[in-house]
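# Breakdown of the fold
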Amino acid sequence: MFNNILKSVLATLLLLSVAASANSVDYNVLIKQAHQQYKTANEGKVADYIPALAAYSPDNFAIAIVTADGKVYATGDSDKTFPLESISKVFTLALVMEQHGSDEVLAKLGANATGLPFNSALAVELNPGEPQNPLVNAGAISTVSLVKAENKTERWHRILNNLSAYADDNLTVNEPVFASEMATNQHNQALAQLMLSYDVFYGDPREAVEIYTRECSVDVNVIQLAKMGAVLANQGRSPFNGKQLLNAKYVPQVLAEMAIAGLYDGSGKWLYTAGIPAKSGVSGGMVAVVPGKFAIAVYSPPLDRAGNSVRGQKVIRHIADATRASLFTHTQ
Ligand code: GLU
């Protein structure tokens, strides 16, 4: 009698576990399927306002998912490197958040969508003296100026070491991209001076623009990028090196800034259609974070008008739909 009850309990448990695994999504299958589905999507244009970026092939295409507990799934050109560009802003924001706290970040860097392009000077002029957010160029250069350090070299090393710790690798600067961007960054220099004139800048504008340009030129591949996102998915702790890189209490604020402005003037539409915080860069990288679950990174250089990877958005939306990852979806 007792044996029969035990047997039927075990059989039920077995059935339940089979049903659960059938329902759970196989990330390997999912990313391969998304790669196949979107590799022929050929809208968008590779950025050329930074001359060195124009040399990257529009066909480069890679996808990675890294889970909050450190499992890695990748497909496509996952060994090809590309400069982080604006994605670096998220992690320097995290460093500044850790050093100054979230109240100071809100007061000094802001959390308002500008609704204007990524490097808009008009956005600064419209609200003089009001910080915008740390993910548009003006705010990101101010963010660099807030990094605590004795001097320029130390400030840069803190930023680079921080990026490397998130990626769990020794990241390096792509020198040709850096040189190309330094030769053409007059607009960013103007933004820094404008911010200074309105008292929403906290250091030397020339130095900050140079360090900002350096952080944008740091190379990653799609797996390193997904690992960086996975730290944020894992409450600020790297699942790889175990370091608590960002106090867990600040993770929601970093993700909120990504939701507000991670895709610049495309951010509202992005949140409406994908429902997860993400950040793009003009080199075609994009990373999205699903708290407690995983990060998705995509590399595909052709961009839409707002400067966001076209395939990156399609792939991440596809994965968010398939995994019901939207933060606004009711899950039981
Ligand atoms: N370094 C680029 C710039 O300042 C970053 C822009 C981006 O990735 O959106 O123009």
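These numbers come from a predicted model, not from an experiment.

Reading the values: the criteria
Residues numbered from 1 in each chain as written. Predicted model: local features only at pLDDT ≥ 70, side-chain atom pairs only at ≥ 80, totals over all residues. Heavy atoms only, no water. Near = heavy atom within 4 Å. Polar contact = N/O pair within 3.5 Å; in protein donor to acceptor, adjacent residues only side chain to side chain. pLDDT = per-residue confidence, 0-100. Contact = heavy atoms within 4.5 Å. Pairing = 2+ DSSP bridges. Helix = DSSP H or I, 4+ residues; strand = E, 2+ residues; numbered from the N terminus. Expected span 1.5 Å × (residues − 1). Buried < 20%, exposed > 50% of the residue type's maximum accessible area, 1.4 Å probe, protein only. Axes fitted to C-alpha atoms, helices over the stretch in contact; angles between N-to-C directions. Parallel < 35°, antiparallel > 145°, perpendicular 65-115°, else oblique. Left-handed = near helix turned anticlockwise from the far one by under 90°.

## Concerning the site of the ligand
Residues in close proximity to the ligand include Tyr49, Glu85, Ser86, Phe118, Asn137, Glu181, Asn188, Tyr212, Cys216, Tyr264, Gly281 and Val282, which together make up its full environment. A distance of 2.7 Å separates an oxygen atom of the ligand from a polar atom in the side chain of tyrosine 212. Here an oxygen atom of the ligand and a backbone polar atom of valine 282 are 2.9 Å apart.

## Regarding the confidence of the model for the protein
Scored by pLDDT, the protein comes out at a mean of 93, with 93% of its residues at no less than 70. Counting contacts from residues 6–23, a segment whose pLDDT is below 50, to residues more than four positions away or on other chains yields zero contacts.

## Some remarks on the pairing of strand E2 (residues 72–76)
In this sheet, E2 lies alongside strand E1 (residues 62–67) in antiparallel orientation, the contact comprising five bridges. From the neighbouring strand, alanine 62 faces E2, where its bridge partner is glycine 76. Adjacent in sequence and paired antiparallel, E1 and E2 are bridged by four residues, among which glycine 70 carries a positive phi angle near 95°.

## Concerning helix H7 (residues 152–167)
The terminal C-alpha atoms of H7 lie 23 Å apart, and with 16 residues this matches the ideal 22 Å at 1.5 Å per residue to within 8%. If you check which residues of H7 are buried, you get Arg155, Trp156, Ile159, Leu160, Asn162, Leu163, Ser164, Ala165, Tyr166 and Ala167. Looking at the buried side of H7, the elements it contacts are helix H3 (88–100), helix H6 (137–146), helix H10 (205–216) and helix H11 (222–233). Measuring from the backbone nitrogen of threonine 153 back to the side-chain oxygen at the start of H7 gives 3.2 Å, which picks out asparagine 151 as the cap. Downstream of H7 by one or two residues, aspartate 168 has phi in the positive range, about 55°.

## Quick notes on the sheet that holds strand E5 (residues 278–280)
Pairing is antiparallel in the open sheet, where five strands are placed in the order E2-E1-E7-E6-E5. For this open sheet the edge positions go to E2 and E5, each flanked by a neighbour on one side alone. Between one strand axis and the next, the sheet turns through 10° on average, direction left out of account. Judged from the six bridges that link them, strand E6 (residues 285–290) and strand E7 (residues 294–299) form a sheet pairing that is antiparallel. The partner of glycine 285 across the bridge, within E7, is tyrosine 299.

## Quick word on the pairing of E1
The side chains of a regular strand alternate between both faces of the sheet. Counting buried residues in E1 gives six out of six residues, a clear majority hidden from the surface. Residues Ala62, Ala64 and Val66 of E1 are buried on one face, and the alternating residues Ile63, Ile65 and Thr67, pointing to the opposite face, are buried as well. Of the strand pairs in this sheet, E1 and E7 are connected by six bridges, and their pairing is antiparallel. If you follow threonine 67 over to E7, its bridge partner there is phenylalanine 294.

## What about the packing of H3 against H10?
Their axes nearest at 9 Å, the elements H3 and H10 cross at an angle of 120°. In terms of orientation, H3 lies oblique with respect to H10. Two packed elements cross with a definite hand, and for H3 against H10 that hand is right-handed. Along the contact surface, H3 presents Ser88, Lys89 and Thr92, while H10 presents Tyr212, Glu215 and Cys216.

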